[in-house]
Structures are given as C-alpha cells and as structure tokens.
2 protein chains.
Amino acid sequence: MPRLRLALAQTNPIVGDLEGNSGEIVAAVRRARDAGADLVAFGEMALSGYPIEDLASRPSFLAACRRRASALAAELDAAGLGDIVVVVGHPDGPFEPRRFTTSNAPTAIAQNVASVMQNGEVVARYAKHHLPNYSVFDEYRIFIPGDELLVLRMRGVDVALIICEDMWQDGGPVNRVASADAGLLLVINASPYERDKNEVRLPLVTRRAVENDTCVAYVNIVGGQDDLLFDGDSVVVDRQGRIVARAPQFVPHLLVVDLDLEGATVHDLPENVARVQLAAPETGHGESGVPPMTGDPGTPRAEASAADGTPSALTPITADIAVVPDELEQIWGALVLGLGDYVRKNGFGSVILGLSGGIDSSVVAAMAADAIGASKVYGVSMPSRWSSDHSRSDADDLAERIGLHYETQAIADLVTPVEEQLGLDGIAAENLQARIRGIILMGLSNQRGHLVLTTGNKSELAVGYSTIYGDSVGGFAPLKDVPKMLVWELARWRNLFASRRGETPPIPENSISKPPSAELRPDQTDQDSLPEYDVLDALLEEYINGGLGRTELIARGFDEATVDRIISLVDHSEWKRRQSAIGTKISRTAFGRDRRLPITYRPTDVA
Amino acid sequence: MPRLRLALAQTNPIVGDLEGNSGEIVAAVRRARDAGADLVAFGEMALSGYPIEDLASRPSFLAACRRRASALAAELDAAGLGDIVVVVGHPDGPFEPRRFTTSNAPTAIAQNVASVMQNGEVVARYAKHHLPNYSVFDEYRIFIPGDELLVLRMRGVDVALIICEDMWQDGGPVNRVASADAGLLLVINASPYERDKNEVRLPLVTRRAVENDTCVAYVNIVGGQDDLLFDGDSVVVDRQGRIVARAPQFVPHLLVVDLDLEGATVHDLPENVARVQLAAPETGHGESGVPPMTGDPGTPRAEASAADGTPSALTPITADIAVVPDELEQIWGALVLGLGDYVRKNGFGSVILGLSGGIDSSVVAAMAADAIGASKVYGVSMPSRWSSDHSRSDADDLAERIGLHYETQAIADLVTPVEEQLGLDGIAAENLQARIRGIILMGLSNQRGHLVLTTGNKSELAVGYSTIYGDSVGGFAPLKDVPKMLVWELARWRNLFASRRGETPPIPENSISKPPSAELRPDQTDQDSLPEYDVLDALLEEYINGGLGRTELIARGFDEATVDRIISLVDHSEWKRRQSAIGTKISRTAFGRDRRLPITYRPTDVA
C-alpha cells in the first residue's frame with residue numbers, strides 16, 4: 001500500500017490579516033516539510049480567517065485573497081518549500097455574480113475554496129458545494145456553490161478534497177468520493193466549538209470513513225473570532241474509523257501522521273470530478289504501484305511525475321493522539337481562548353472589570369488572568385451604600401488570590417448628586433448605581449486604554465436582569481453564553497483544577513457559596529425577582545435551546561405562572577440583548593447571530 | 001371580458017399579534033365586502049407580521065399561525081363575510097424538517113404561505129417558491145420552499161397567486177403563470193422601503209404584466225417593524241403595464257378596483273400548477289363566459305359554482321391612484337412611520353431625547369412630534385461648561401416651535417465629581433460628559449417610562465464619532481440610516497413643508513445653518529476630526545453602499561489620506577455599531593442585519 005506522510009496544520013488566523021496569516025502558514029509548512037510530510041493541509045479560510053461575513057461581497061477583498069494565495073505559493077517555493085503539497089482555504093473571486101433577483105440587491109460574487117499549491121503555483125482549486133445557512137452561518141447569502149469534486153493523485157494515492165459542510169451533507173460530494181475510490185478523504189474545516197459538538201463531529205468523521213472505506217483527515221482552524229471559538233481538535237481516522245492521530249483543542253498544532261492508503265486505480269472518474277496529478281515531494285517516502293496519469297486532462301504537473309514512487313528514507317513517526325479533556329475543562333478552555341483572542345486580535349494590552357465579590361465577576365477575573373496573565377487584568381471594586389461587607393472583602397480576597405491590579409472607587413458621592421438632581425427612586429435609582437459603575441469603568445478604559453469586560457451571564461441576559469449601560473458596559477462578555485448554574489460549576493472546577501496542581505484556587509469560596517445579589521438595595525437577592533437558578537436555567541434551556549412553547553413547557557412540569565413570567569421577560573429583553581457586547585458561543589443557541597428574533601413582538605393567541 | 005372587483009388591503013400588522021392582526025383583517029374584509037369586492041388580498045404575512053425571523057423555527061408559533069388562519073376563515077363566515085374570497089399571508093407549519101445537515105443543527109420547518117379563504121374554510125394554500133436570503137432577508141434560513149403554483153378560478157377568470165420574491169425571479173413561478181394563461185397575477189408582498197426601490201419595484205410590476213400579457217395586482221403591507229419600514233404603495237397595472245389603481249404610501253389603505261380580465265380558457269395546466277374553483281361571491285358583478293370546472297381535481301367549492309356568472313348590480317367604482325410624493329417627503333414619511341410604529345407597537349406612551357440645539361436632535365424632535373404628537377415628546381437640554389449660548393437658545397426655540405415638553409438639566413455638577421475622583425482628562429473627560437447625559441436620559445426614562453430616542457446619524461455611526469453609552473443611549477435611533485447631509489436636507493424640507501401649509505417651521509434656522517459641533521470641549525467642531533460632511537458622505541456612500549475598496553475609492557478622486565483614515569474609522573467602529581440602537585432602514589445598505597461584518601478584523605495586504 002502506498003504510504004503518505006500527512007500533516008494537518010491547525011492555525012489561528014485573524015480575519016482580514018492576509019499577511020500575518022500567510023506568515024503563520026509559511027512557518028507551519030516549513031515545520032511540516034522538516035517533518036518529512038508530503039502534504040500539509042490547513043483549515044477552511046486559514047488564509048483569510050473565518051467567518052468573513054459580508055467581506056465576501058467586496059470585490060477588492062476577494063481579489064486581495066486571490067492575489068495573496070498566488071503570492072503564498074510563490075513565497076513557499078522561494079523559501080525552498082515548493083515541493084510539498086499545500087492545501088489552504090480562502091475566499092476566492094470576484095466571480096460573475098450569482099444574481100438572487102432582478103433587482104439591484106446584493107449578489108454573491110465569492111466562492112469558499114481550497115487552493116492546492118505546489119512548486120510555486122496554485123495547481124488546483126476546489127470550491128465548497130454545500131453552504132451552511134443556519135445557526136451562526138450565512139454562507140448561502142455570500143457564496144456561489146461549487147459543482148466539481150477534486151481528486152489529487154500523489155504517490156499513487158487519490159486524495160479527495162472537500163470543505164466542512166460538504167462532509168455533513170448526506171448525498172453530497174462525500175458520496176461521490178466513494179465512486180472516485182479515493183484512498184484519503186481530506187476535509188478542511190472552520191467548525192466552531194459547541195458544548196456537545198464532539199458528540200456529533202467525531203462520530204460523523206468515523207461514519208464517513210466506514211461508509212466510503214477510506215481514511216478521513218479532518219483539519220480545523222483554532223482560535224476566537226468575535227463570538228465564535230474554533231477548537232481545533234483536528235483528527236485522522238483510518239478506514240475502520242479508528243482514530244490514528246488527534247490534535248489538542250484550543251492551541252495551534254501541527255499534526256503529522258504516516259498513512260498507508262489504498263492505492264489509486266486507473267479508472268474513469270464519475271461526472272463532475274476533476275483529477276490532478278501532483279509530483280511527489282523530494283523528501284517523500286511513499287510507495288506506489290500505480291503509474292502516473294500522463295495525458296489525463298487536468299494534470300498540470302504530469303511532467304514531474306517521474307519522481308513518483310520513490311520509497312521513503314524517513315524514519316516512521318508516531319502521531320500525536322491528544323486526549324480530550326472533561327467537559328468543564330473544555331468549556332473553560334474555550335472561554336479562555338475566546339476572551340484572550342478577542343483581546344489580542346483587537347490589539348488591547350489589558351482588560352478592566354468591576355469586582356463585586358460575586359460569582360460572575362470572580363469567574364471572569366480568573367478567566368481573564370488565565371487568558372492574558374494577571375498582570376494585564378485590572379479590577380475595580382465599586383462599593384455603594386448598599387454593598388455588604390463581604391462584597392468588599394470577597395473582592396479583596398479574589399484580587400489577592402489572582403494577583404491582579406486592584407483599586408476601589410466608591411460610588412456614593414457620584415450617585416447622590418444625580419439622584420438628587422433628577423429625583424430618582426425605586427428601580428430608576430437602582431439602575432443609576434449600576435450606570436455610575438459603568439461610567440467609572442468606561443472612564444478608566446478611555447483614560448488608560450483597557451478593554452472593559454462585561455461580567456453578566458446568559459441567565460441574566462435572557463431575562464434582562466441587568467442594567468443597560470450599567471453593568472452591561474464593555475466590549476466583550478466572556479459569560480454571555482454561560483448560564484448561572486454553569487458559572488458556579490466552572491468556578492468549582494477552576495478551583496479544584498488549581499488545588500490539583502498545588503496552586504491557590506483563584507475564586508474565594510464565599511463568592512461561590514453566598515446567595516447571588518445585585519446589591520442595588522438593602523438585603524436584595526436575585527431570587528426576589530427570579531426563580532431559583534436551577535429552575536430558571538432548566539426553563540431557559542428548553543425555551544431557548546429547545547424552542548418549546550408555553551404549553552409544552554408547562555407539560556414538562558414547569559409552573560405555569562413561572563413559565564408565563566419568564567417567557568415574557570425573555571421576549572421583552574431582546575432590545576437589551578441587541579445592544580449587548582459579544583461573547584463566546586458555547587451552546588447550540590447563543591444570543592446573537594445564532595438566535596435572530598424581533599424586538600417588536602406582541603405574542604397573542606400563541607400557546 | 002369577465003369583470004372582477006378586486007380589493008387590496010394594505011394593513012399594518014404587529015409581529016406575533018395574531019389576534020390583533022386578525023381583527024384588522026376582519027375589519028378590512030368587511031369594508032371590501034361593503035364595497036362589493038369579489039376578492040380581497042392582504043400582504044405577505046399580514047396575519048403574523050413580517051419578518052418573523054427565527055420564530056419560524058418554533059413549532060408552537062407555527063401551529064398557532066395555522067390555527068389562527070383556520071379560525072379567521074370561520075370568523076369571517078360567522079360575521080357574514082364568508083362569500084368574498086380572502087387571500088392572507090402567514091407562516092405555516094410545522095412541517096417535516098428540511099434537514100440542512102446530518103448534525104442536530106436547526107432545520108427549517110415552516111413555509112411562507114398565502115391562504116385562500118371562502119365560506120368559512122381555507123380552501124387553498126400557496127407556498128412561496130423563492131426565498132430571499134440577501135440584504136435584510138434570511139428566508140433560506142427559515143423556510144421550506146414551495147413547489148406548486150396555484151391558480152384560482154373565479155367568475156371565469158384564472159387568478160395566479162405568488163408571493164413577493166417569486167415576482168423578482170426570472171424563470172421562477174412568474175414564468176409559469178404565462179403558460180397558465182392567468183387573467184390576473186396577484187402578488188402579495190412584504191417589501192421594505194428603500195430610497196430608490198420604487199425605481200425598480202414599479203417597473204418590474206409593469207414588466208411582469210407586459211411579459212405575461214396579464215393584469216398584475218401588487219399588495220404590500222405597511223408599517224414599521226424594528227429596522228424595517230414597509231411603505232405600502234400597493235398597485236394594480238393592466239395588461240399594458242399602465243397603473244389603474246395605486247394606494248398611498250405609509251398608511252393603511254383599502255384599494256378597490258374593477259378589472260376587466262382575460263377570461264379563463266379550459267385547457268390543460270402546466271406541470272406543478274394546481275387550479276382551484278371558487279364560488280362567485282353573492283354581491284358579485286362579474287361576467288363570465290367560461291363554465292365552472294366541475295369535477296376538476298382540487299375544486300373544493302365546485303358545488304357553489306352555480307352562482308358564477310351573475311352580472312353585477314353594483315355601480316362601477318373609480319379606483320384611487322395615489323400620487324407618489326417627492327423623495328424627501330417620502331423619506332420623512334418613512335422615518336416618521338418607522339419611529340411611530342416602534343413607539344406604539346412596543347407600548348410606549350412617550351419619548352424623551354436630549355436637545356443640544358444641533359441639527360440631529362432638532363430633526364429627531366420634529367420627527368417624533370410628527371409621529372406621536374408633541375404632547376408625548378419630552379426634550380431635555382443638558383448644557384455643560386462648554387455649551388455655547390446658542391446651543392441653549394436654539395434648543396429653547398425648537399421646543400417652543402414644536403410645543404414639546406422641555407426641561408433643563410445642567411451636567412457640570414454631575415460631571416465634576418466623577419472627573420475629579422477618577423482623574424479623567426482629554427477624550428476620557430469628553431466622553432464622560434456624553435455619558436452623564438446618557439445617565440440623565442436613562443434615569444428620567446426609568447423614572448417616568450419614556451422611550452429614549454438616540455439622535456445620532458449614519459455618518460457619525462459609520463466613523464464612530466459618538467460616545468458609546470453616552471449620546472448613543474436609547475431604544476430607537478430614527479436617523480441611524482440617514483447621512484448627515486441628508487439630515488440637513490430633511491430639516492430644510494420639513495421647514496418648507498410647514499411654511500407651505502402656513503404652519504410654524506419646527507426647526508430653528510440657526511440649528512440648520514451653524515457648523516456642527518459635539519461641544520465636548522471649547523470651540524470644538526466636527527470638522528476638527530472629520531472631513532467636510534459632503535466629502536465624508538460621498539466617501540461613505542461608495543464604501544458602504546457601493547462596496548468599493550481603497551484603490552477604487554482613490555481612483556474615484558478621494559484623497560488618499562482621507563480614504564485611509566475613514567476606512568480605518570469605519571472598520572474599527574463595528575463594535576460600537578453592534579451595540580447601537582436599531583433605526584429605520586432607508587438605504588440599500590443600512591447598518592445592522594443588512595451589513596454583517598466582523599468586529600475583529602485586521603485588514604493587511606487588502607488594497
């Protein structure tokens with residue numbers, strides 16, 4: 001059986017940073033070449049970052065991506081890395097518009113492609129067939145689907161190349177791969193993390209291998225892009241669906257693996273499948289019993305095919321098989337990377353946040369320290385006349401445990417003049433306190449250049465239990481998609497993780513165990529206004545992720561009055577959510593582009 | 001030729017308000033019946049409001065819509081309105097999911113349908129074929145496309161029924177109408193207003209009439225739904241494409257017209273076209289030489305068809321042909337209705353806004369008074385130590401001209417304590433002033449229940465020339481899609497409009513003519529930081545609506561340094577826009593769901 005040394009490069013691109021991303025790609029190709037790989041594959045849109053959203057409708061952006069892809073091929077060659085086969089995803093265009101209508105409405109002019117590079121040139125391109133247009137994805141909006149499958153023949157093996165969603169579709173390109181008898185199915189991806197996604201992603205990779213009796217190599221990008229977090233977790237499975245190599249989550253990685261693959265057969269290809277013959281890299285080590293396809297249409301590099309079939313001189317390697325951590329560690333890792341990448345990719349040197357001594361701000365502070373280092377985290381305690389003693393002492397304790405910068409700004413003298421001048425009381429006065437805190441954080445941010453972190457969690461955001469322009473101020477909300485019960489779980493997990501490693505648990509025990517309170521009036525607790533959080537979170541899970549209606553929720557055993565109140569709160573808080581900071585998506589239905597609902601909404605006669 | 005009396009009912013639905021919208025429909029049907037109409041058609045989703053966004057993925061919501069449609073048919077019959085044929089748009093489902101992938105990702109379970117009602121029942125349904133998924137539309141995300149065309153035979157005429165986007169697609173259902181030889185093409189729509197849309201919409205209606213040698217009746221909903229404004233402007237054109245009836249923009253309207261139509265021929269239908277025979281209404285007045293299609297499959301009401309062919313006893317009517325106002329009046333009308341409907345549909349009794357004496361807040365105040373009446377508009381002057389005398393006197397003047405509620409809240413005593421406690425200066429101190437104003441407006445809003453209006457314009461929002469959580473606070477931003485130059489034009493137009501009607505021009509001349517300034521430091525003007533607004537707006541138009549890149553903009557004659565600076569400002573203000581209030585879309589590319597771009601974006605190597 002022919003042997004192929006395959007490298008999967010899990011890089012962390014920044015959207016738009018064609019130069020920087022190219023640099024990362026060149027560095028990874030060099031490492032792959034040094035490791036003796038024949039073929040190195042990068043993730044979907046690794047050159048441009050993903051998702052590019054409506055940048056796909058700008059001709060200048062598409063042209064720049066295409067230019068950069070060609071330049072990259074040339075640069076690789078100039079750097080002596082020309083012979084290794086490189087597969088890189090990027091947007092391509094502008095193409096003749098796919099007109100949606102006869103109006104002058106926007107049209108799609110881009111394709112989502114994988115470019116295959118060798119010896120200084122882009123020798124082949126594959127355009128994604130299936131364009132996801134659900135959840136956070138808007139690809140049908142912006143891309144023209146491809147209609148031709150691509151098979152790369154190298155070292156006597158046929159490698160079929162598809163992109164992300166193509167694998168998820170039954171009856172799509174993946175099925176035509178079977179008829180093409182490919183020895184390897186290479187899937188390049190930009191697949192965002194979700195809590196339970198591993199439970200569907202890996203079984204699907206396995207299924208595709210078994211269905212098609214072929215090895216499957218799955219390469220994903222890694223890193224945060226706004227609300228999305230790509231977890232990497234690139235994997236290779238054999239024809240029986242067994243994992244033979246796996247990259248770790250949440251870090252860039254080069255995964256190198258030797259694969260003994262079914263040799264290519266010389267036969268007619270199914271309709272709409274192009275085959276391209278590639279030269280064997282000089283460092284190659286493959287074995288091949290199949291002659292090169294000289295004269296085959298679409299074989300730009302046939303002249304180099306004499307190098308094919310050279311047996312390897314390299315020592316066999318043992319591929320990494322990363323162990324997937326438990327769920328809480330995964331979630332923590334996702335949130336830390338999402339936060340850290342937002343900070344780094346947007347050029348911030350530090351973050352600032354309010355520390356109330358409560359669980360949310362404590363967890364965010366610990367997360368920020370894990371993401372960018374405690375020396376770049378600034379905490380501000382902003383006690384009011386209603387703040388408990390423990391709110392200050394717990395915040396002090398947290399700051400000391402983490403070792404972050406810490407200051408106190410009392411708000412009473414700032415609140416009173418506004419309260420008195422405007423004659424505010426009740427909720428208006430409570431909100432005022434939160435807004436003065438917002439002003440303090442934004443003022444310090446403007447003065448010193450910190451990014452403000454919002455500490456609200458998903459449960460609060462769902463029911464609107466926060467003050468807009470108050471505790472909601474900030475550019476990034478790490479807990480935006482984390483329900484309150486999970487915030488507690490994460491806090492306990494993070495402390496346990498520290499203890500296990502002999503480190504100081506970052507979060508004060510009292511912040512975890514005390515009843516949650518906004519402390520905007522004397523003796524207030526969250527449960528004055530809301531059901532117990534276990535009930536609230538269970539209800540929100542069914543309403544938001546499950547899409548159940550009132551009648552169905554009551555049938556599940558939730559109290560009728562609670563259902564009515566919570567549904568109403570959720571529906572009428574949409575305007576606040578629309579103005580809220582972004583935060584890392586970890587659930588199936590995160591607030592934001594994942595869940596698009598009207599603000600103006602008056603449900604009557606809806607059960 | 002058979003004559004049909006057609007009514008187009010341009011109603012203003014509220015999303016989700018199935019009960020309220022039904023009530024409006026029943027009232028309109030009664031008026032249509034009283035006017036002797038045979039057929040009354042409502043807009044797309046007139047029963048549910050439009051767009052319903054991801055409500056389309058909730059089975060309970062879809063089931064409620066379907067139930068309500070059946071109930072509506074029964075209620076019409078019970079009210080003695082059963083014989084008139086009623087066409088109403090609504091979402092329908094839940095259907096067997098259209099699976100996008102093999103994952104547990106969301107699936108489409110809804111259709112966008114038109115129900116045809118008569119004698120207490122829904123006698124036929126048409127499902128939209130073409131699902132717009134560009135600009136503000138996400139229909140491919142949420143709907144299952146239909147695959148059968150529907151022809152209604154009544155009074156000897158074949159009426160083909162399609163929905164909105166179906167008309168915009170060449171080669172779509174509209175072409176099959178030609179083969180079905182329909183005498184009337186009825187198109188129900190939810191088509192949002194855009195400045196130049198009339199220039200494409202009406203010519204297209206005309207073209208479809210001429211292409212298919214058929215009358216075309218185009219009915220649109222009216223009213224504001226979040227950022228979208230439906231302008232109505234329902235129209236009927238004859239076989240030569242001449243306008244024979246036209247409803248006014250921006251108001252609900254019942255348009256009734258007598259049409260002499262090509263009689264139906266008895267012939268085989270093209271594939272995938274269903275024909276339904278309807279009874280002639282008792283008040284009918286049509287003429288028909290074509291026998292009813294007894295025994296035709298899909299003819300549920302054939303038993304009633306003996307009533308067909310009764311000559312009319314009604315006096316012929318003269319249809320309204322509304323005159324389309326000039327562009328500035330149209331824009332003003334759109335913005336006033338968008339604002340007014342946001343206030344009304346979300347249950348607010350009043351609005352509050354800061355009055356700086358500048359052009360933006362003056363225009364918004366005038367618009368709010370036009371939308372909901374001056375007695376519901378509360379203006380607050382919030383002078384600082386840097387405020388000019390004219391900022392106060394112009395605001396005073398405005399308040400008096402409009403007759404709105406007016407108060408002054410000086411900010412100096414509220415700003416100083418914060419400034420001193422935090423040690424703020426420079427931009428941080430400037431932003432603080434704006435944020436104290438935001439706190440005042442939000443405090444008064446919370447205390448008294450007003451909706452806060454944000455007065456920023458599109459040019460400011462584009463370049464981020466505003467203070468987040470400061471002057472940007474509020475639930476609705478009437479000028480969000482209005483560039484600064486257009487704000488001035490609208491101000492001049494509104495004053496002229498008042499003068500022509502012998503009314504007091506609402507906007508002080510000095511607010512229009514003085515140089516714009518944020519007045520956050522002494523002698524500041526906007527042009528300290530920005531190019532002249534005529535240049536800025538021209539550049540923004542090409543960059544945002546035109547999608548041009550840097551090189552192209554420079555080639556159009558814009559100064560290179562200006563291009564670089566403005567592009568960078570626009571690209572890096574996305575995070576502020578994401579947290580901004582919604583406002584009425586009037587351009588081809590409004591900020592919001594119309595223009596989806598990343599926050600994290602580092603363009604390098606992009607020309």
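Treat the numbers as computed from the prediction; the structure is a model and nothing was measured.

### Looking at the sheet that holds strand β3 (residues 85–92) of chain B
Residue and element names in this part refer to chain B. The strand order β5-β4-β3-β2-β1-β14 describes an open sheet built from six strands, whose pairing is mixed. For this open sheet the edge positions go to β5 (121–127) and β14 (253–260), each flanked by a neighbour on one side alone. Taking each pair of neighbouring strands and ignoring which way they run, the sheet shows an average axis angle of 25°. Both strand β1 (residues 3–10) and β14 contribute to a ladder of eight bridges, which runs antiparallel.

### Focus on the confidence of the model for chain A
Residue and element names in this part refer to chain A. Put simply, chain A has an average pLDDT of 91, and 93% of its residues get 70 or more. This model gives residues 286–312 a pLDDT under 50, and the stretch forms 59 contacts once residues within four places in sequence are excluded. Scoring of the predicted complex yields 0.94 for pTM and 0.93 for ipTM.

### Focus: the sheet that holds strand β8 (residues 184–189) of chain A
Residues and elements named next belong to chain A. Strand order in this open sheet of seven strands is β13-β12-β9-β8-β7-β6-β15, and the pairing throughout is mixed. If you trace the sheet from one side to the other, it starts and ends with β13 (243–246) and β15 (273–277), each paired once. Strand-to-strand, the axes of this sheet are offset by a mean angle of 20°, without reference to chain direction. Alignment of strand β7 (residues 157–163) against β8, held across five bridges, turns out to be parallel. Counterpart to A160 in the pairing with β8 is L185. The sheet contacts of helix α6 (residues 198–212) involve β9 (215–220), β12 (235–237) and β13, and relative to β9 the element is tilted by about 145°.

### Quick word on the relation of the copies chain A and chain B
With an RMSD of 0.0 Å, the operation that places chain A on chain B is a rotation of 180° combined with a shift of 0.0 Å along the axis. On the angle and the small slide along the axis, the relation comes out as a two-fold axis. When C-alpha positions in chain A are compared against the rotation axis, the closest is assigned to Q579 of chain A, at 1.9 Å. Mapped onto chain B, 100% of the interface residues of chain A again fall at the interface, so both copies present the same surface.

### Focus on the interface of chain A and chain B
Between chain A and chain B, the residue contacts involve 100 residues of the former and 101 residues of the latter. Overall, the association of chain A and chain B removes approximately 8,800 Å² of surface from exposure, summing both partners, and the carbon and sulfur fraction of that is 53%. Where chain A packs against chain B, one counts eight salt bridges. For R596 of chain A, the salt bridge is made with D138 of chain B, and the minimal N-O distance between the two is 3.2 Å. If you look at where chain A meets chain B, you find 51 residue pairs in polar contact (both at pLDDT 80 or more). Residue composition of the side of chain A that touches chain B, grouped by class: 44 nonpolar, 27 polar and 29 charged.

Procedures and definitions
Residues numbered from 1 in each chain as written. Chains lettered and ligands numbered in written order. Predicted model: local features only at pLDDT ≥ 70, side-chain atom pairs only at ≥ 80, totals over all residues. Heavy atoms only, no water. Pairing = 2+ DSSP bridges. Helix = DSSP H or I, 4+ residues; strand = E, 2+ residues; numbered from the N terminus. Axes fitted to C-alpha atoms, helices over the stretch in contact; angles between N-to-C directions. pLDDT = per-residue confidence, 0-100. Contact = heavy atoms within 4.5 Å. Least-squares fit on C-alpha atoms with pLDDT ≥ 70 in both. Buried area = accessible area lost by both parts, 1.4 Å probe. Salt bridge = Lys/Arg side-chain N within 4 Å of Asp/Glu carboxyl O. Polar contact = N/O pair within 3.5 Å; in protein donor to acceptor, adjacent residues only side chain to side chain. Nonpolar A, V, L, I, M, F, W, Y, C, P; charged D, E, K, R; others polar.

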